[in-house]
Amino acid sequence: MNRRDFLKTAAQGIVTAGIAATAGGSLLTACSTPKTTKGGSNHLKLSFEPYELKLKHPFGVAVNTRTHTPDVQVQIEYEGVIGYGEASMPPYLGETEESVCKFLASLKLDQFTDPFRMDEILEYVDSIAPDNRAAKASVDIALHDLTGKLLGQPWYKIWGFSPEKAPNTSFTIGIDTAEVVRQKVEETTPYKVIKVKLGSDHDKELVEIIRSATDKPLCVDANQGWKDKEQALEMIEWLNERNTLFIEQPLPKEMIDETAWIRERSPLPIIADEFLQRLPDVKRAQGVYDGINIKLMKSTGLREAYKMATLARALDMKLMVGCMTETSCAVTAAAQLAPLMDWADLDGNLLIANDRFDGIKIVDGQVTIPDRPGIGVIPL
Ligand code: MG
C-alpha cells in the first residue's frame, strides 16, 4: 500500500471507530464522554473512551472469577493518521477505568510535534505518575501504531523479525466445573497447545479431564495458587509425566526463596508472571525463575517489552509473551514481538464477545501477524 492509499484507509478508520463507539452502547458512566486533547494536525492529539469487554464465558483463575473486564480505548492522531491503543484492567492489577481516564486526561501530548521522538514522549508519559502501567501501555501502543503507519511498515519488520518464527499460541481453560471444562476442551480443537489454570483443590481432576480428551501439550499457570513448596514440586513432577511444557507462577510472588528451591529441583521450566512487571524486575527474576511472561499491560507497552526480552535473552532466560483479556488491538500489538518468543499465550481477544478490531490470526495453531503497517489492526 502506498502512502496515499494508506492515509485514505486510516481516514476511513477514524469514521469506523466513531460509529463503533456510538453503536457499542456499553460506555460506562465515569468519563463516558470521549476526551480529546487540543492540538493542530502537526501536534499529537490524544483521545480515549471507556469500553467494557464482555467475556464469552465467566473466567476463573485461582484468585477470582469474572464476566467483564474494564478497558479504555485510545487514539493518537497526527497529520490525519490515527494510531490505536488500549488499556485493559483486570481487577487484580489495581488499575480502574477511573484511574486510567484520570492519567490519560493529565497528559499533554499536544506539546509534541514529532511522533518519532518516542523516547522523549514515553519518558514524559512515564514521569507523570508512578505505576499506571496499563494507562502508559495504551499510549505506547497507539504511538507505535501511529509511527509504524507513518513509516508504512509493521513493527515486526521495523525490528527485523521473521514472522514465521512466531510460536503456536496456547488457548486457555480456566478453573471451572468438570462439565464446563469438558466443553472447553472441545473449543481448543484449532489450537496445538492448551494452557490450564490450576491452583484450586481440584487440580489433578481438572488435568485428568483434559487428558481424557487430548494429549496436546499443556502449559500450566497456577496464578500463585499453590502455597507449599513440597506439594508444588510433587504436583510439578506429576504434571511432567503428562506432557507439560512449563509451570507459570507456582507460588505467591513473595515466596522468592521457596520458588528458587522449586526451580533447582523442577524437571520443568518455572516462569514468572505476577512476580514481574517492568524492566528492572527481569534481573530480580534471574536465579529464581527460568523465564518470564511479558505482557504489555505490565511492561507499559512495546518499547519496554522489547528491552525486557533483550535483557532476559542476555541472561539466558526463556521468553513468553502473554496478554490480558483485550481486544485484538493490544493482542496484535503484543504479537509483533512473538517471533522473539519461546511460547505465546495470545488468546485474550478470543475470550471476549465484543472485539472491535481485525488483527492477529491463529493459523494452524500458530500466531500469524498481519502484514499491515503499525500494529496491524483495522477497526471493525
Ligand atoms: Mg499467568
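Use the structure listed above.
The shown structure was predicted, so the numbers you read here are calculated from the model rather than taken from an experiment.

## Focus: the layout of surface pockets
To find leftover empty space, one rolls a probe the size of a water molecule over the atoms. If you add up the space inside the largest pocket, you get close to 420 Å³. Forming the boundary of the largest pocket are 27 residues, of which Y92, K197, N223, K295 and M324 lie nearest the centre. Residues that form the lining of the largest pocket fall into these classes: nine nonpolar, six polar and twelve charged. Three or more residues apiece are contributed to the lining of the largest pocket by two domains, here domain 1 (3–152) and domain 2 (157–379).

## Structural notes on a nonpolar patch on the surface
Taken together, the side chains of F116, L151 and I158 present a nonpolar region at the surface, about 260 Å² in accessible area. If you trace the backbone, L151 turns up in helix α4 (residues 133–151). Accessibility expressed as a relative area gives 48% for L151, which makes it partly exposed.

## Some points on the nonpolar core
If you look at the biggest cluster of nonpolar residues, it comprises 104 residues, and the most contacted ones within it are L104, L109, W226 and L346. If one sorts the elements of this core by residue count, α4 sits on top with nine residues. Looking at which domains feed residues into this core, each of domain 1 (3–152) and domain 2 (157–379) gives three or more. Dropping the residues within four chain positions of it, L109 is found in contact with L44, L46, I76, I121, Y124, V125 and V139. Counting residues in each nonpolar core, the second largest holds eight residues, with L53, L55, Y191 and I352 among its members.

## Details of the packing of helix α8 (residues 229–240) against helix α9 (residues 256–265)
Between α8 and α9, whose axes approach to 10 Å, the crossing angle comes to 30 degrees. Between α8 and α9, the angle is such that the two are roughly parallel. With respect to the hand of their crossing, α8 and α9 are arranged in right-handed fashion. Taking contact as the criterion, the partners of K229, E230, A232, L233 and I236 in α8 are, on α9, E258, W261, I262 and R265. Residues belonging to the contact of α8 with α9 are distributed by class as follows: five nonpolar, no polar and four charged.

## Focus on the coordination of the magnesium ion
Around the magnesium ion, the protein supplies D221 (OD), E248 (OE) and D273 (OD) as donor atoms, at distances of 2.1 to 2.2 Å. Here the donor residues of the magnesium ion are spaced in sequence according to D-x26-E-x24-D. Taken together, the residues span a long stretch of sequence, with D221 in strand β9 (residues 218–221) and D273 in the loop between β11 (270–272) and α10 (279–285) at a distance of 52 residues. You'll find D221 and D273 in the same group, each marked buried.

## Quick word on the packing of helix α3 (residues 118–127) against α4
For the pair α3 and α4, the least separation of the axes is 10 Å and the interaxial angle reads 165 degrees. Relative to α4, the element α3 lies roughly antiparallel. The handedness of the crossing between α3 and α4 is right-handed. Residues M118, I121, L122, V125 and D126 of α3 form the contact with α4, whose own contacting residues are K136, V139, D140, L143, H144 and T147. Grouping the amino acids of the contact of α3 with α4 by side-chain chemistry returns six nonpolar, two polar and three charged.

The rules we used
Residues numbered from 1 in each chain as written. Predicted model: local features only at pLDDT ≥ 70, side-chain atom pairs only at ≥ 80, totals over all residues. Heavy atoms only, no water. 1 Å grid on protein atoms, 1.4 Å probe; cavity = no way out; pocket = protein on both sides within 12 Å on 5 of 7 lines; lining within 4 Å. Points joined across faces, edges and corners; volume = space filled by probe spheres on them. Nonpolar A, V, L, I, M, F, W, Y, C, P; charged D, E, K, R; others polar. Domains from an automatic or database assignment. Patch = residues over 30% accessible without salt bridge, like charges linked within 9 Å, V, L, I, M, F, W, Y side chains within 5 Å. Areas by Shrake-Rupley, 256 points an atom, 1.4 Å probe, with all protein chains shown as cover. Salt bridge = Lys/Arg side-chain N within 4 Å of Asp/Glu carboxyl O. Helix = DSSP H or I, 4+ residues; strand = E, 2+ residues; numbered from the N terminus. Buried < 20%, exposed > 50% of the residue type's maximum accessible area, 1.4 Å probe, protein only. Core = buried A, V, L, I, M, F, W, Y, C linked by side-chain atoms within 4.5 Å. Contact = heavy atoms within 4.5 Å. Axes fitted to C-alpha atoms, helices over the stretch in contact; angles between N-to-C directions. Parallel < 35°, antiparallel > 145°, perpendicular 65-115°, else oblique. Left-handed = near helix turned anticlockwise from the far one by under 90°. Donors = N, O, S within 2.8 Å, 3.2 Å for Na, K, Ca; no water.

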